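# Geometric and topological summary
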Amino acid sequence: MEDLRSNILAYIDKHETCSSTELCKEMNVEHQKIVGALNSILAFGEIISAQPEVTSRLELTDEGRQVADHGSHEAVLFASVPAGDGAPQSELMKSVPNAKIGFSKALANRWIRLDKSAQGGPRVYRQVESVSDRIRHCLQMVAALSLDSLTAEERAELKKRKLVQEGRVTVYRVAKGPAFTLTLAKEETELTAEMLATGVWQTLTFKAYNFKALGQQPDCGHLHPLLKVRAEFRQIFLEMGFQEMPTNRYVESSFWNFDALFQPQQHPARDAHDTFFLTEPAACRLDAEQADGYLARVKAVHSNGGYGSIGYNYDWKESEAQKNILRTHTTAVSARMLYQLAQQPQFQPTKYFSIDRVFRNESLDATHLAEFHQIEGLVADYNLNLCHLMGIIREFFHKLGIRRLRFKPAYNPYTEPSMEIFSYHEGLGKWVEIGNSGVFRPEMLLPMGLPESVSVIAWGLSLERPTMIKYGINNIRDLIGPKVDLKMVSVGPICRLDK
Amino acid sequence: MPVVQIEKAALCQCLNRKDFTDDEVDELCFEFGLELDEVTSEREMLAKEQGDAKAAQMGDQLSDAVIYKIEVPANRYDLLCVEGLSRALMVFQSLAQPPLYKAVQPAAGMKQMRVAPSTAQIRPYVVCAMLRNLSFTPASYKSFIDLQDKLHQTICRQRSLVAIGTHDFDTLTGPFLYEALPPSDIVFKPLNQTKEFSAVELMQLYSGESHLKAYLPIIRDSPVYPVIKDANGVVLSMPPIINGDHSKITLNTKNVFIEATATDAHKASVVLDTLVCAFSQYCSEQFTVEAVQVNYPDGRASIYPSLAYRQVDIQVDYLRKGVGRSDSQLTIDEICNRLTRMCLVAKATSDATVSVTVPPTRHDVLHPCDVLEDLAIAIGYNNLEMSLPPTLCTGKQQPLNSLTDKLRLEVAFAGFTECLTFALCSEKDISERLRLPLDSLPAVRIANPKTLEFQVARTSLLPGILKTVHSNRSLPLPLKLFEIQDVVYKSTDSSGSAVNSRQLAAVYYGKSSGFELIHGLMDRIMQVLGVPVDQYKLSATEVATYFTGRCANVLYKGSSVGTIGVLHPETLAQFDLTLPASAFVFDVEKFL
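Residues numbered from 1 in each chain as written. Chains lettered and ligands numbered in written order. Predicted model: local features only at pLDDT ≥ 70, side-chain atom pairs only at ≥ 80, totals over all residues. Heavy atoms only, no water.

### Considerations on helix α15 (residues 515-528) of chain B
Residues and elements named next belong to chain B. Over its 14 residues, α15 extends 20 Å from the first C-alpha to the last, a length consistent with the 20 Å expected when each residue adds 1.5 Å. Taken residue by residue, α15 has I518, L521, M522, I525 and M526 as its buried positions. Seen along its axis, α15 keeps its buried residues to an arc of 140°; they face one direction. Exposed residues lying more than 90 degrees from the buried face of α15 are E516 and Q527. On its buried face, α15 is in contact with α12 (399-413), β25 (498-509), β26 (536-540), β27 (546-556), β28 (559-567) and β29 (581-587). After α15 finishes, the residue G530 shows a positive phi value of roughly 70°. (Helix = DSSP H or I, 4+ residues; strand = E, 2+ residues; numbered from the N terminus. Expected span 1.5 Å × (residues − 1). Buried < 20%, exposed > 50% of the residue type's maximum accessible area, 1.4 Å probe, protein only. Arc of directions from axis to C-beta. Contact = heavy atoms within 4.5 Å.)

Below, the structure written as structure tokens:
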């Protein structure tokens, strides 16, 4: 390499300017090597200049390279035929590489002849004493980029035999640079402790850095994107003064998941094809709920109404309420918390939130799994109304960077009034649903023992949907579960929801 | 949510708006709490279902008229048909007054339906009504059938609670009898069949029919099946399966006799009200229905349809506060006007109260809060003035979640990457694949899993992490993974409940077992948890998941909080892993 570099510099010194192909011919090395040497000289600074010129050139195919190295198929075959006695055709076909092409070409060139009636099967004899391998010679010229000496027929033949193809070659026009020199100083790559100690760094030349290359990745762990988004939502709730609810309870009774929320026992959501029921433990005891008459009040409001409601007018069964399920929403925990709140001697206005898993026995697709995370916020205070609900939802979504909101009347069994939350999606150019909300029904709150003038406003959304949008994930299985690509986990940016 | 199809032309006509654009319809639906799901046509719908070629081939048989598919709220049975939906929108747009529905008893006496005691064994209730001098068009006839179908799918819970039968009254002779008979004693020609079948044969015949076989289990195993007959013994229907062919309604039917049998009397009455309210508009005397008397074995007589109008007195203050408007911003007159647009006719009874009349179409109104919602809809949700709740509170985290988040950071700082796997898994995942006997595990089992992946709630985080290792085994080694999540255990007491347990699990997977690294992570966690060295140690034990002699209990203050070790080669094989791995699992809640 160093020899080549000095040779090149000497040549440039003599000729002032030249092309890389010219150097190639002159030094008798492959073009690629010349380019390498030029780059290496360029790394020293402005010793030379090299202007790239892209041209279309013939280049060797893989087969062409093989022929250039080892000879054409016909020449190889010819060499394999012993002078005089020749050899059986079948043997040649087996032992010589590319024998079929080589055989037909050699035959056409009249280098060999075939005696079909020879004893022991067709036999091949040399027809000339020696051959000159013109094909190989031509390919060597192509490799050296000296194409001038090729005739048009030769080019055509090489192409036809797929030994060469048209390729793009970058040829450099090389000239002396402002700092031209014939001797290249040895360059240091690293600044070492020793250099600092001896002070030798002051006299050394350092190799230029390639700032285009990537650095080495630090060896570190990573947090899961969905849980990074969860942390952001928790932060928002905490900033807004909400208190986190204890939602670490996946198994819930139908009572707290449905009945306490005034969801009738014949409601379709309570069907086996929407909800996971359990065989173990199949049902729970509702002793505590029974003890203070709460269970009886829930039964009454479902069957006959009360608290200003006419109720659902059906035969409410405790056995149905005892059935254990995997909770279908975290609102089951909200109900427990509100019930506890009602048990305090004096009602305290409260803001609660939770983000945790819920389970639905639904059909699975690219955006639905049997388990997902529900984000829920609620405020319990005297005289809260729809305006407060919309106001706090606006505040919450502003913190997420979502500004254009509108509200659509909706139906939820346990809230009235109910509102679906829509936001304008700039990318899709339309309004999309981003959450659900409402004011909890009096039939839910009053049997718990909350004062009549207390309202509870609440809203909810899924954690997965905003995360998928944030991280550009289309299939939920690429986000959650064992099939997740950990590379996705490691390259994900930090989560800033308002960015 | 149920979807109703309505032709654009029909909607435009009833809303008196020739130039309605799709966007305006969308906007109107949004404001009213409906969702314009799709704008399509008969041809487009067929093309979507059976391909463009088929739709083109049908040529003129298909209409290109624009059809709106509109989603209606699940509790608004009155909006389940074009008739109800368009009327509600007309009233909402102040283009019509809410109709007054009437049940009249004919001078010549009501038609009678006698209920036999035998029905108590299977389906004890029946309600009836008669629509007189009705003229069907092909469109309204189709809508009549569709509404019955939609009611069957929703409030009737697949006909289990209520089943509707409609009949051409002029082919029948009253009085009627509702009884329950042994299946072999019921013989009749069912709808669209050419010969008679016994009920036994019918159950056989319909077991292969996709649209009927779902209803068979409702009565199949009962010793008696319900049947309704007329005075001459003609079978009207064998609810909830099929009607008789004799009394079937056609486009030319003038007098429609409706019966609905049920296991829930209230729902039957709601269904009957809904059906007659929507279709009495086609009777010569609009919105008027002929009542029918049902005589129960105990001598009780009930008259249907009930078409009851209920008065609710509501404090004006409650309504104003609910939408955040003062006396001057929302007068009593305006309240009444707006409620009337929601078919809730209201009038002021004093300065402080309004009396709201809930019509028989609005069985969804249970409480004044339902009236409040309708008032807010009539004002327009998006016209309300938003304000923040005055509630002042201090934010507070659950200590367990706060600790979890801090630990997640520490473990990630230590070079481990977080997984997030499912809380549900197969029995095999937590038992056989971890080399543990299933009956030794306090696993919560799911009764109705759709696939093997949802048989139990996980009792360990390891299977999820090891599956994640498997899916990522082509990444550069070693893989260092962790997860802090809940597992679920069945309670040991008699409460019949279950508890979550917050666990931290970590796995090292590489060319060597890397036990010292997993051990080092455990040491580090104890360090950041501030556990003094003398309160934490490992003590050798044997757990089948781990390799013999390479497993220890993690002891904290003398009691076990988890296990650590080199995973057993057969555990690895269970997860198709070919390289060694070490792991630990421990209970985070012990460190709260």
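Once the structure has been displayed, the description carries forward.
### Quick word on the packing of helix α4 (residues 62-70) of chain A against helix α8 (residues 134-143) of chain A
Residues and elements named next belong to chain A. Between α4 and α8, whose axes approach to 8 Å, the crossing angle comes to 110°. The angle between α4 and α8 places the two elements in the roughly perpendicular class. Considering the relative orientation of α4 and α8, their crossing is left-handed. The segment α4 lies against α8, with G64, V67, A68, D69 and H70 engaging I135, R136, L139 and Q140. (Axes fitted to C-alpha atoms, helices over the stretch in contact; angles between N-to-C directions. Parallel < 35°, antiparallel > 145°, perpendicular 65-115°, else oblique. Left-handed = near helix turned anticlockwise from the far one by under 90°.)

### A word on the interface of chain A and chain B
A common way to express how large an interface is: the accessible area buried when the components associate. In this assembly, 101 residues from chain A lie in contact with 94 residues from chain B. With both sides pooled, the region where chain A packs onto chain B buries about 8200 Å², and carbon together with sulfur makes up 58% of that total. Run the count over chain A and chain B and you get eight salt bridges. Note that R234(A) and D405(B) form a salt bridge whose closest N and O atoms lie 3.0 Å from each other. (Buried area = accessible area lost by both parts, 1.4 Å probe. Salt bridge = Lys/Arg side-chain N within 4 Å of Asp/Glu carboxyl O.)

### Some words on the sheet that holds strand β17 (residues 310-315) of chain B
Residue and element names in this part refer to chain B. If you trace the three strands from one edge of the open sheet to the other, you get β17-β19-β18, paired in antiparallel fashion. Edge positions in the open sheet fall to β17 and β18 (345-348), since each of these has one partner strand only. On average, adjacent strands in this sheet sit at an angle of 25° to one another, irrespective of strand direction. Relative to strand β19 (residues 353-358), β18 runs antiparallel, the two being bridged by four bridges. Bridge pairing in β19 places A346 opposite V356. Helix α9 (residues 316-323) rests against β17 and β19 of the sheet, and its axis sits at about 70° to β17. Across the sheet, helix α10 (residues 332-341) is in contact with β18 and β19; its angle to β18 comes to roughly 165°. (Pairing = 2+ DSSP bridges.)

### What about the UniProt feature "domain: B5" (unreviewed entry) in chain B?
Within this numbering scheme, the UniProt entry marks residues 307-386 of chain B as carrying the feature "domain: B5" (unreviewed entry). A helix fraction of 38% and a strand fraction of 20% characterise residues 307-386 of chain B, whose end C-alpha atoms lie 39 Å from each other. (UniProt positions renumbered as here; feature names shortened; annotations may be inferred.)

### Let's talk about the sheet that holds strand β2 (residues 48-60) of chain A
All names here are of chain A. Pairing in this open sheet of three strands is antiparallel, and the strands run β1-β6-β2 from one edge to the other. The open sheet is flanked by β1 (17-19) and β2, the only strands paired with a single partner. Each strand of the sheet is rotated relative to its neighbour by a mean of 15°, with strand direction disregarded. Note that β2 and strand β6 (residues 164-176) share 13 bridges and pair antiparallel. Looking at β6, one finds that I48 is bridged to K176. Running at roughly 35° to β6, helix α3 (residues 31-42) makes contact with β2 and β6 of the sheet.

### Looking at the side chain of Q263(A)
Here Q263(A) shows up in the loop between α12 (254-257) and β11 (278-280). With residues up to four places along the chain from it excluded, the contact list for Q263(A) reads F258(A), A269(A), R270(A), H302(A), H329(A), P413(A) and Y414(A).

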